[in-house]
Amino acid sequence: MEKFQTLHTTGRPLPLENIDTDQIIPARFLKATTREGFGENLFCDWRYNADGSPKPDFVLNDPRYAGSVLVAGKNFGCGSSREHAAWALYDAGFRTVISSYFADIFRGNALNTGLLPLQVSDEVLARLLAAIEANPTLELVVDLPSQTLAVPAWGETFSFAIDGYKKECLINGYDDIDFLVNQKSAIEAFEKQRAWTW
Amino acid sequence: MSRTLFDKIWDAHVVRSIEGLDVVYIDRHLIHEVTSPQAFDELAARNLPLFRPSQILATADHNVPTLHQDQPIREPLSRLQVEKLTENCQKHGIELYGLGHERQGIVHVIGPELGLTQPGLTMVCGDSHTSTHGAFGAVAFGIGTSQVAQVMASQCLLLSRPKRMRISVEGELRPGVTAKDLILYIIAQLGTGGATGHFVEYAGSAVRALSMEGRMTICNMSIEMGARGGLIAPDATTFAYVEGRPFAPKGEAWNDAVAYWQSLYSDDDATFETEYTYQAADITPMITYGTNPGMGIALTGHVPSEVPAAEAESFDKSLKYMGFERGESLLGKQIDYVFIGSCTNSRIEDLRAVAAYVAGKQKAEHVAAFIVPGSKQVEQQAIAEGIDKIFTAAGFELREPGCSACLAMNEDKIPAGKYCVATSNRNFEGRQGPGSRTLLASPLVAAITAVQGRIVDITQYLN
């Protein structure tokens, strides 16, 4: 996993609530057996017409927006457990998704992919969406070590929460497998004493 | 100290705790072809062995065709994914109930059917509907592919303990109201994110009165309101279902198991972060009108005419996609397809409910109605009971098991613009195929819709 420290970028607005993982990456693209290449089908049915031509009014096709932060409506990533949704966002160049609420499995998948799910309040989200729509070049600074999102044009900085362990993993590019494999002797001891063996 | 059912099971599986996170031991790991190949690759890339292959069970379900399963899969990418699963299982000594196996089926249907799903266990699968297994009083939840690899490598996951929610439904369900209506009603009340961060225990007399199959339908859809999982305390109904199944404990072990399972309930004074109570008598047959499972109404109700300003853009986008208007009734709407299947409602009880209604009737001519059993066992049982003949005589097509048109990864798709009443769990845009329009409902509502060819108040049509 790539290390994540600080991001100076702009946002791409997608002001819809309850964006489900079937929209982020439709099921028909889950037939791949590798992790790469999902980016071109990110939001496929919102992004392209049936003949494959891009829909000009969809934000990913709008040349004014180019940042690596997706700013989306409340309850982002609900639905399927497919990690492919996080892979697709990452593959398409996103490193952070800002929303006021994330579905649990998506949040975990994003963190395991190196994609930061950054939760802000409903009010901050509404302000960000309006400001980015009005000014696609609005600079955002995501700083993981200090757990802050800064909007320099506003002179404001917002804190966000992240689990301490997951923060360390993202900053250092570590994942849970190494940690869990190192617990082997504790796990084996647990197996010997567990009450149910049926 | 008093504890909830969830906490009793979770606590029993904590290997150790570190900085607010728990290393949680996983008893059973179910895998399928879609979310496992990259996990196997991850282990290979790190040169790690599978830690406990005997605790993994594999099946092929999402991609498999539902016709001519005796022949090779025609779609090359689907075939490759299923072949990859077979190769990986052979290489690592994992038991595979793949195509052609007499026990093949949807992962969440075969787990319980085999007796692999038992009270008190922790179970995971790279599929959000793993919550289904909670019906047995197991802590079961869906995981992403990175976590599939973690469980393969260590039989554990590093997790923070979710919050606890209890949803009680009291009283008796009305005639024609089923477990599916009950859960669609709850999700309509709470919304798709209403239980995010929580593990839900379902309780109350209406839940206790449900069969195991009804309980599985309820727990299956827990994820649709954002819950990590749902569970129901095991009882005599649970024990009777598990007893005698291939992986169930036998003899002395069975008695020990039941004695342990009987300790699995929330203590009287256990506290939940959130509690809701509903009255069964308030629930009527349900249907969804929008593009998420929280957008449900009584069959005889109306699409909401007012929504909060912040939700308006998403709401109107959804109605536009579905071709519905604010405030309108769905009664009388013509339907093109009826799909009875998916891990929510493809068990024998669902097929019996459909057969009991359609026996001696005919589906409407313009409706394509297909039934996809959840497993080979369900299919065989339907044939043994003669239900297949009832379906055929009524113009319904009984296919072979798989996830099918629930998520359209195989050839079963609903064409753009067409309306489908489905017993599955998701009505997201394009879920059943690009441009498809899904209305979620119970098997009984689906059966009556197929015969009438349009949305009707089913209470006027019950046998």
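Here, every reference points to the structure presented above.
As the structure is a prediction and not an experimental result, all values here were calculated from the model.

**Some points on the overall build of chain A**
Phase 1 of the analysis: Check the secondary structure of chain A and you find eight helices and seven strands.
Phase 2 of the analysis: Expressed as a percentage of its 198 residues, the buried residues of chain A come to 61%.
Phase 3 of the analysis: Here the contacts in chain A between residues at least 6 apart in sequence split such that 64% fall between residues at least 24 apart.
Phase 4 of the analysis: Accessible area for chain A stands at about 7,700 Å²; split by element, carbon and sulfur atoms hold 50% of it.
Phase 5 of the analysis: Averaging the coordinates of the 18 positive side-chain charges in chain A and doing the same for the 26 negative ones gives two points 4 Å apart.

**Some remarks on the interface of chain A and chain B**
Phase 1 of the analysis: The partner chain B presents 74 residues to the 51 residues of chain A that form the contact.
Phase 2 of the analysis: A buried area of about 5,200 Å², summed over both sides, lies between chain A and chain B, and 59% of it is on carbon and sulfur atoms.
Phase 3 of the analysis: At the junction of chain A with chain B, the criterion picks out seven salt bridges.
Phase 4 of the analysis: Close ionic contact of R35 of chain A with E42 of chain B constitutes a salt bridge, the shortest N to O distance being 3.5 Å.
Phase 5 of the analysis: At the junction of chain A and chain B, the tally comes to 28 residue pairs in polar contact (both at pLDDT 80 or more).
Phase 6 of the analysis: Going through the elements one at a time, α1 (21-24), α3 (84-91), α4 (104-113), α7 (176-181) and α8 (184-193) of chain A are the ones with two or more residues in the side of chain A that touches chain B.
Phase 7 of the analysis: A breakdown of the residues in the side of chain A that touches chain B according to their chemical character gives 22 nonpolar, twelve polar and 17 charged.

**Describing the packing of aromatic side chains**
Residue and element names in this part refer to chain A.
Phase 1 of the analysis: If you walk through the whole model with that rule in mind, you get 21 aromatic pairs over all chains.
Phase 2 of the analysis: Aromatic pair F38 and W87: ring centres 5.9 Å apart, planes at 45 degrees, arrangement tilted. Of the two residues, F38 sits in the loop between α1 and α2 (44-47) while W87 sits in helix α3, which places them 49 residues apart along the sequence.
Phase 3 of the analysis: Here F38 falls in the buried class, since its relative accessible area comes to 3%.

**Describing the pattern of salt bridges**
Phase 1 of the analysis: Going through the model one piece at a time under the given rule, you end up with 35 salt bridges over all chains.
Phase 2 of the analysis: One connected set of salt bridges, linked through shared partners, spans R35, E83, D175 and D178 of chain A together with E42 and R46 of chain B.

**Here we look at the sheet that holds strand β5 (residues 139-143) of chain A**
To summarise the sheet geometry, strands pair through backbone hydrogen bonds and adopt either a parallel or an antiparallel arrangement.
All names here are of chain A.
Phase 1 of the analysis: A sheet is described by the order of its strands in space; here seven strands give the open sequence β4-β3-β2-β1-β5-β6-β7, paired in mixed fashion. If you trace the sheet from one side to the other, it starts and ends with β4 (116-119) and β7 (156-159), each paired once. This sheet shows a mean twist of 30 degrees between the axes of neighbouring strands, independent of strand direction.
Phase 2 of the analysis: Across four bridges, the pairing between strand β3 (residues 96-99) and β4 is parallel. Bridge pairing links S99 to Q119 in β4.

**Some words on the pairing of strand β10 (residues 198-203) of chain B**
Residues and elements named next belong to chain B.
Phase 1 of the analysis: In terms of burial, β10 is a largely internal element, six of the six residues being buried.
Phase 2 of the analysis: Here β10 shows two buried faces, one formed by H198, V200 and Y202 and the other by F199, E201 and A203.
Phase 3 of the analysis: Examined bridge by bridge, strand β9 (residues 163-170) and β10 share six bridges and lie parallel to one another. Directly across from R166, in β10, lies its bridge partner E201.
Phase 4 of the analysis: Each parallel crossover has a hand, and for β9 linked through helix α6 (residues 179-190) to β10 it is right-handed.
Phase 5 of the analysis: Looking at chain direction, β10 and strand β11 (residues 229-231) are connected through three bridges and run parallel. For E201, the partnering residue across the bridge sits in β11 and is L231.

**A few points about the nonpolar core**
Phase 1 of the analysis: Formed by 112 residues in total, the largest nonpolar core has its most connected members in F43, F76, L89, I98 and F106 of chain A together with F396 and L439 of chain B.
Phase 2 of the analysis: No other element matches the seven residues that helix α15 (residues 443-452) of chain B contributes to this core.
Phase 3 of the analysis: Contact partners of L439 of chain B, with chain neighbours within four places excluded, come to I287, T288, M322, F324, L330, I335, Y419, C420, V421, A422 and I455 of chain B.
Phase 4 of the analysis: Counting 77 residues, the second largest nonpolar core, distinct from the first, contains I9, I94, L184 and L440 of chain B.

**Overview of the environment of N112 of chain A**
Phase 1 of the analysis: Among the structural elements, N112 of chain A can be located in helix α4.
Phase 2 of the analysis: Sequence spacing of N112 of chain A and C169 of chain A is 57 residues, and the spatial spacing of their C-alpha atoms is 8.8 Å.
Phase 3 of the analysis: Residues in contact with N112 of chain A, not counting those within four places in the same chain, are M1, K166 and D176 of chain A together with S146, Q147 and Q150 of chain B.
Phase 4 of the analysis: At a separation of 3.0 Å, a polar atom in the side chain of N112 of chain A contacts the side chain of K166 of chain A.

How each quantity is defined
Residues numbered from 1 in each chain as written. Chains lettered and ligands numbered in written order. Predicted model: local features only at pLDDT ≥ 70, side-chain atom pairs only at ≥ 80, totals over all residues. Heavy atoms only, no water. Helix = DSSP H or I, 4+ residues; strand = E, 2+ residues; numbered from the N terminus. Buried < 20%, exposed > 50% of the residue type's maximum accessible area, 1.4 Å probe, protein only. Contact = heavy atoms within 4.5 Å. Areas by Shrake-Rupley, 256 points an atom, 1.4 Å probe, with all protein chains shown as cover. Lys, Arg positive; Asp, Glu negative; His and termini not counted. Charge placed at Lys NZ, Arg CZ, Asp CG, Glu CD. Buried area = accessible area lost by both parts, 1.4 Å probe. Salt bridge = Lys/Arg side-chain N within 4 Å of Asp/Glu carboxyl O. Polar contact = N/O pair within 3.5 Å; in protein donor to acceptor, adjacent residues only side chain to side chain. Nonpolar A, V, L, I, M, F, W, Y, C, P; charged D, E, K, R; others polar. Phe/Tyr/Trp six-rings, centres within 6.5 Å; stacked < 30°, edge-to-face > 60°. Pairing = 2+ DSSP bridges. Axes fitted to C-alpha atoms, helices over the stretch in contact; angles between N-to-C directions. Right-handed = clockwise from strand over helix to strand, strands pointing away. Core = buried A, V, L, I, M, F, W, Y, C linked by side-chain atoms within 4.5 Å.

Shape is all these values report; function is a separate question.
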